[in-house]
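Observations on the model geometry
In case you want the letters, here they are:
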Amino acid sequence: MASLAASGVDQARAQTLVQSAGMDSAAAAGRPDPSTIAATADSEIVVTAGRRGEARVAAETEFGEGEIASQGADSIQDLLKRLAPFIDDGGEEPVLLINGKPAGFDRSILTYPAEALDRLAVLKPEAAAQYGEPAGKRVINLVLKKNFSTLNADAGASFATAGGQYGGILSATRTAISGDMRWNAQARIGADSAFRKTARNIPPRDGTFDSVGFIAAPDGGEIDPALSRSAGHLVTAAALPSGALTGTPGIDDFVATAGALHPVDPNRFETLQSSRRHASVKIGVTRPLGGFSASLNLNAGRSDSGGERGLPMASVVVPAGHPWSPFADDIVLTRPFAGERALRSDNGSTSLGASLMLNGRIGGWQTSLAISYLRNHADNFLESGIDVARVQRLIDDRDPAFNPYGEWDEGLMIATRTRTKSENISARLNVRKTIVDLPAGPLTWNLTAHTGRNRTESRQSDAAGNRIASNSMTRSQSNGLMSLSIPVSRAGEAEAGWLGDLTIDLSASAQLMTDSRPQKGYGGSISWSPSPVILFRGTIDFSEAAPSFDQLDAPIVTTIIRVFDYARQAIADPVWITGGNPDLKSGRRQSVTLTALVRPLGNEVLTLNLGYRQSVAKGGLAAFPELTPAIEAAFPARVTRDAEGRLVAVDARAINLARDTNVDLSAGIALRLMLGGGEGQSETAANPWQLNLSLDHGLRLKNELLTRPGVPVIDLLRAGGQSLHSLSFQASIGRRGIGSTLSGSWSSSGRLRGGDEVFVFKPPLKLDLSAFIEPDRIFAVPAKKGLMSGLKLSVDINDLLGGYRRVTREDGTVPAGYSRNEIEPLGRVVRLTVRKKF
């Protein structure tokens, strides 16, 4: 068995002798599966059967039960985040398999506890073509334990170490697996407090803020000589008397309030982060159905957020002789809308969803059918301020029924409410078949068809409920993908075996969408492993793509955010509009990717990665970039300013770019070690320490935007604030019962040209730390049940160093709005979680 630790087992070739190291990972890190292998007298290994849940493509990287336990993840979703440096998914969501079968729309698997996994396999890159996915997509096979049952209850609390914000979460999860049958149910509720501006030392916005209101002369001088004589001194300001709320005040009423103002700190009425509440329920059931495996999933969720964006103040002129004014001259009335009532920014959404998945074989075709339904209701409410012009008109009309000092109607508040209902139904069919068995392996043909229909209704109204606009849209989209996986050579085979492992994947696609011309795409990839320690891969892809349903018809959300206005060199608080953009057009993208994976030791202990990527998108879809003078010049209709040039609103919905060019280099190293394993009966031998280290470096060679023809190209590396270099790392050590992970990221400085100024951005070194302990595994007496039995304590610290992105001018001075508390006010956040298994 000595050769086993450096060997790989190709599960697709049963009954084959394996004597040398390989890239396949059945025993990649010296962890064989005793149920599938047997040692002969001369130490050869004979594969007698495929392992349970094995995919059609061998794994490139595999994590066993011990390594999974050492991560301390609470769910499979959490585990995927922790293992992201070893998955190398390029930031895209990977394709999931469950026991070797496509998960389809089933996302309930992500709520399963990580302990339900027998192993997690990151498949070789050619797996994407085998499962009807575009080239370059990472495919992960989640192999569940054959029998598993647990009930978990979680309670968590989080808080900012600098104060001002806290939150909590409660959840209960029931999971049961019995062979090919499984079910899972999870209920989850959580809330986060509002993070108020008063929690940090942040300069207040300019203006006068008073909780009651007051009158003054238009020129700031004496209000009325008669008032000064009655008060016995010069009166330049007087608070509103309480009697003015219901009746016409006289001069004597203002004598008692002469000079008495009620100033307030405006920061009390602003939140930097809204309060949030959410609740969700997810249920999933999977069981055999004849010759098929059927999965049914149901989910429902509700989320709400509420923010405050300042104390609304109004200044209007009450002319002399007005029915509500006892003064001989004009006065200026400055007052809040309703005492200390702040402007509101509220968002809420309710979602209901269901999906059905069928996997099985029809004739010679392996078939997967998935159907999903999703319904969503969204409600967005935003108050922008008092309609001062309308208030002034009411005063000028001298309407005796309108009391300028009293309670104002809600219709005098400028507000918009947007209600959106959306409904989506989708179906996806994937069939694949081995066309012919070539000497190097099966030639596989794969067909995928996907169709969907989306209906959206939206209605926008003002504060009084009067309709401003309404819209209804129904769209349909269908696309198909055909792929062919051609094994050219297999190491050890006769004839072309000297080439090593060589596979070519080809694909072609088409897409149809309402109000859009047909889109096409094609791609290809080649994977070549000339020896067991190295793998080369090249991918080329060309695609035309129409916008997605969400990009076109997602609910419109309006919020207020704090940004730096480069044009005025000042901080601004504009209305920020996000959501679907029905004016988006189709675009096309072409990309080339070259990668090399090297395992000098012949197993997964040490892995080196090198990569090159080039992509050019023409007319492609992109998120709205940072608002710089160049972007504003390119999209002037997206930016609204008032008569004085102040930034009022930004339409930050997705855009089409004339051209977007990116060229990147990447390099990475990953180390996975088992410490203390081997023969013996000790705790360390039975439960060895797992050490994982990863370091990745990214180098941007080119990042250019052409927003539209006829304008200069924007070089984001030279003048757009982008970093040239980026580093990320992760170090984890643990075993069953205890472990810790330290992860971090860093980027080099970037430069941004804003008008006549050049700003230098200096990102911080960001560190996150997490640790867990299961007291009963570490301290408790074996086989003794008690309070600590099944208990797990976890701590996560986000932004351990409390750093922030520093911004300076070229001369080193800090522009207004870029102090530490204004850039990253929340700072370090600690989350504590207690889990109890029953």
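Residues numbered from 1 in each chain as written. Predicted model: local features only at pLDDT ≥ 70, side-chain atom pairs only at ≥ 80, totals over all residues. Heavy atoms only, no water.

1. Quick notes on the overall build of the protein
The helix and strand inventory of the protein stands at 13 helices and 46 strands. For the protein, the proportion of its 838 residues judged to be buried stands at 47%. When contacts within the protein are restricted to residue pairs at least 6 apart in sequence, long-range pairs at least 24 apart make up 69% of them. A total of about 38,300 Å² of accessible surface is found on the protein, and carbon and sulfur atoms cover 57% of it. In the protein, 90 side chains carry a positive charge and 88 a negative one; their mean positions are 5 Å apart. (Helix = DSSP H or I, 4+ residues; strand = E, 2+ residues; numbered from the N terminus. Buried < 20%, exposed > 50% of the residue type's maximum accessible area, 1.4 Å probe, protein only. Contact = heavy atoms within 4.5 Å. Areas by Shrake-Rupley, 256 points an atom, 1.4 Å probe, with all protein chains shown as cover. Lys, Arg positive; Asp, Glu negative; His and termini not counted. Charge placed at Lys NZ, Arg CZ, Asp CG, Glu CD.)

2. A word on the sheet that holds strand β8 (residues 139-144)
What the 5 strands build is an open sheet, ordered β4-β7-β8-β5-β6; its pairing is mixed. Looking at which strands have only one partner, the edges of the open sheet turn out to be β4 (59-64) and β6 (101-102). Bridge count between β4 and strand β7 (residues 117-123): 5 bridges; the pairing is antiparallel. By the bridge assignment, Thr61 is partnered in β7 with Val122. (Pairing = 2+ DSSP bridges.)

3. Considering the nonpolar core
In this structure, Ile215, Phe327, Val391, Tyr405 and Trp408 are the most contacted members of the largest nonpolar core, which totals 29 residues. Ranked by residues supplied to this core, first place goes to strand β18 (residues 313-318) with 3 residues. Those residues in contact with Tyr405 that lie beyond four places of it in its chain are Ile215, Leu240, Ala244, Leu245, Pro249, Trp324, Ser325, Ile331, Leu333 and Arg335. If you look at the next biggest cluster of nonpolar residues, it comprises 26 residues, including Ile109, Ala116, Phe148 and Ala670. (Core = buried A, V, L, I, M, F, W, Y, C linked by side-chain atoms within 4.5 Å.)

4. A short note on the pattern of salt bridges
Counted according to the given criterion, the structure contains 49 salt bridges. Here Arg653 ties to Asp651 by a salt bridge, and the two come within 2.8 Å at their closest N and O atoms. Residues joined in a network through salt bridges with shared partners are Arg51, Glu54, Glu62, Asp118 and Arg119. (Salt bridge = Lys/Arg side-chain N within 4 Å of Asp/Glu carboxyl O.)

5. A closer look at the environment of Phe772
Within the secondary structure layout, Phe772 lies in strand β43 (residues 766-773). Measuring from C-alpha to C-alpha, the distance between Phe772 and Gly72 comes to 6.2 Å, with 700 residues separating the pair along the chain. In this view, Phe772 contacts Ala69, Ser70, Gln71, Gly72, Arg735, Gly737, Ile738, Gly739, Lys792, Leu793 and Ser794; residues no more than four positions away in its chain are not counted.

6. Considerations on the pairing of strand β39 (residues 725-735)
Here strand β37 (residues 689-706) runs beside β39; their pairing, made up of 10 bridges, is antiparallel. Counted as the bridge partner of Asn692 is Ser732 from β39. Taken together, the 10 bridges between β39 and strand β40 (residues 738-747) define a ladder with antiparallel strand orientation. Pairing of Arg735 across the sheet is with Ile738, part of β40. Once β39 ends, the chain turns through 2 residues before running back antiparallel as β40, passing Gly737 with a positive phi of about 105 degrees.

7. Notes on the sheet that holds strand β42 (residues 757-762)
Spatially, 3 strands are ordered β41-β42-β45 in an open sheet, and the strand pairing comes out antiparallel. Each end of this open sheet is capped by a strand with a single partner; those strands are β41 (750-754) and β45 (806-809). Strand-to-strand, the axes of this sheet are offset by a mean angle of 25 degrees, without reference to chain direction. Two strands pair when backbone bridges link them, and β41 and β42 are joined in this way by 5 bridges, in the antiparallel orientation. Paired with Gly754 across the strands is Glu757, a residue of β42. (Axes fitted to C-alpha atoms, helices over the stretch in contact; angles between N-to-C directions.)

8. A short note on the side chain of Thr539
Following the sequence through the fold, Thr539 ends up in strand β27 (residues 534-545). Residue Thr539 is classed as buried on the basis of its relative accessible area, which comes to 12%. Not counting residues up to four positions away in its chain, the partners in contact with Thr539 are Ala135, Gly524, Ser525, Ser591, Val592 and Thr593.

9. As for a nonpolar patch on the surface
A cluster of nonpolar side chains, contributed by Trp183, Val281, Ile283, Val285, Leu296, Leu298, Leu356, Leu369, Ile371, Tyr373, Ile425 and Leu429, occupies part of the molecular surface with about 930 Å² of accessible area. Elements that contribute at least two residues to the nonpolar patch include exactly β16 (275-289), β17 (292-308), β21 (365-386) and β22 (413-438). The residue Tyr373 is located in strand β21 in this model. (Patch = residues over 30% accessible without salt bridge, like charges linked within 9 Å, V, L, I, M, F, W, Y side chains within 5 Å.)

10. Re the packing of aromatic side chains
Enumeration according to the criterion identifies 13 aromatic pairs in this entry. Ring geometry for Phe254 versus Tyr405: centroids 6.3 Å apart, planes at 70 degrees, classification edge-to-face. With a gap of 151 residues between them, Phe254 in helix α6 (residues 251-255) and Tyr405 in the loop between α7 (388-396) and β22 connect regions that are remote in the sequence. Both residues of the pair, Phe254 and Tyr405, count as buried. Judged by centre distance (5.2 Å) and plane angle (65 degrees), the ring pair of Tyr566 and Phe759 falls under edge-to-face. Here the residue Tyr566 occupies a position in the loop between β29 (563-565) and β30 (570-572), and Phe759 occupies one in strand β42, the gap between them amounting to 193 residues. Residue classification places Tyr566 among the buried residues on the basis of a relative accessible area of 3%. Under the relative-accessibility criterion, Phe759 is labelled buried at 0%. Counting every residue linked through ring pairs, the aromatic cluster contains Phe564, Tyr566, Phe759 and Tyr818. (Phe/Tyr/Trp six-rings, centres within 6.5 Å; stacked < 30°, edge-to-face > 60°.)

11. Overview of the pairing of β8
Summarising burial for β8: 6 of the 6 residues are buried, a large majority. In the sheet, strand β5 (residues 95-98) pairs with β8 via 4 bridges, with the strands oriented parallel. Looking across to β8, one finds that Ile98 is bridged to Leu142. Bridge count between β7 and β8: 5 bridges; the pairing is antiparallel. Following the sheet pairing, Arg119 is matched in β8 by Val143.

12. A word on unusual backbone geometry
As a rule of thumb, non-glycine residues mostly have phi less than zero, and peptide bonds are mostly trans rather than cis. Phi at Asn99 takes a positive value of approximately 55 degrees, unusual for a residue other than glycine. Relative to the helices and strands, Asn99 is located in the loop between β5 and β6. Judged by its relative accessible area of 17%, Asn99 falls in the buried class. Phi at Asp799 is positive, roughly 60 degrees, even though this residue is not glycine. We classify Asp799 as buried; its relative accessible area is 5%.

13. Focus on the side chain of Asp660
In this structure, Asp660 sits in strand β36 (residues 655-675). Despite its burial, Asp660 pairs with no opposite charge, the nearest such side chain being Arg589 at 4.9 Å. Only 3.1 Å separates the side chain of Asp660 from the side chain of Asn662, close enough to count as a polar contact. Setting aside its immediate chain neighbours within four residues, Asp660 contacts Ser615, Val616, Ala617, Asn703, Glu704 and Leu705. (Polar contact = N/O pair within 3.5 Å; in protein donor to acceptor, adjacent residues only side chain to side chain.)

14. Some points on the environment of Ala160
Following the sequence through the fold, Ala160 ends up in strand β9 (residues 147-160). For Ala160, a relative accessible area of 5% corresponds to the buried category. Setting aside chain neighbours within four positions, we find Ala160 in contact with Gln165, Arg200, Leu826, Arg828 and Val829.

15. Observations concerning the confidence of the model for the protein
In the predicted model, the protein carries a mean pLDDT of 86, and the fraction of residues at 70 or more is 91%. Predicted confidence is poor over residues 1-48, with pLDDT under 50, and the contacts of this stretch with residues over four places away or in other chains come to 102 contacts. (pLDDT = per-residue confidence, 0-100.)

16. Side note on the environment of Arg751
Examined against the element boundaries, Arg751 turns out to sit in strand β41. When the C-alpha positions of Arg751 and Pro204 are compared, they lie 28 Å apart, and in sequence the two are 547 residues distant. Among all residues touching Arg751, those that are not within four sequence positions of it are Arg718, Ala719, Gly720, Gly721, Val758, Phe759, Val760 and Glu810. There is a polar contact of 2.4 Å between the side chain of Arg751 and the side chain of Glu810.

17. Concerning α7
Turning to α7, its buried residues are Val391, Gln392 and Ile395. Looking down the long axis of α7, one finds its buried residues gathered within 100 degrees of arc, a one-sided arrangement. Looking at the buried side of α7, the elements it contacts are β18 and β21. Trailing α7 by a residue or two, Arg398 shows a phi angle of about 55 degrees, which is positive. (Arc of directions from axis to C-beta.)

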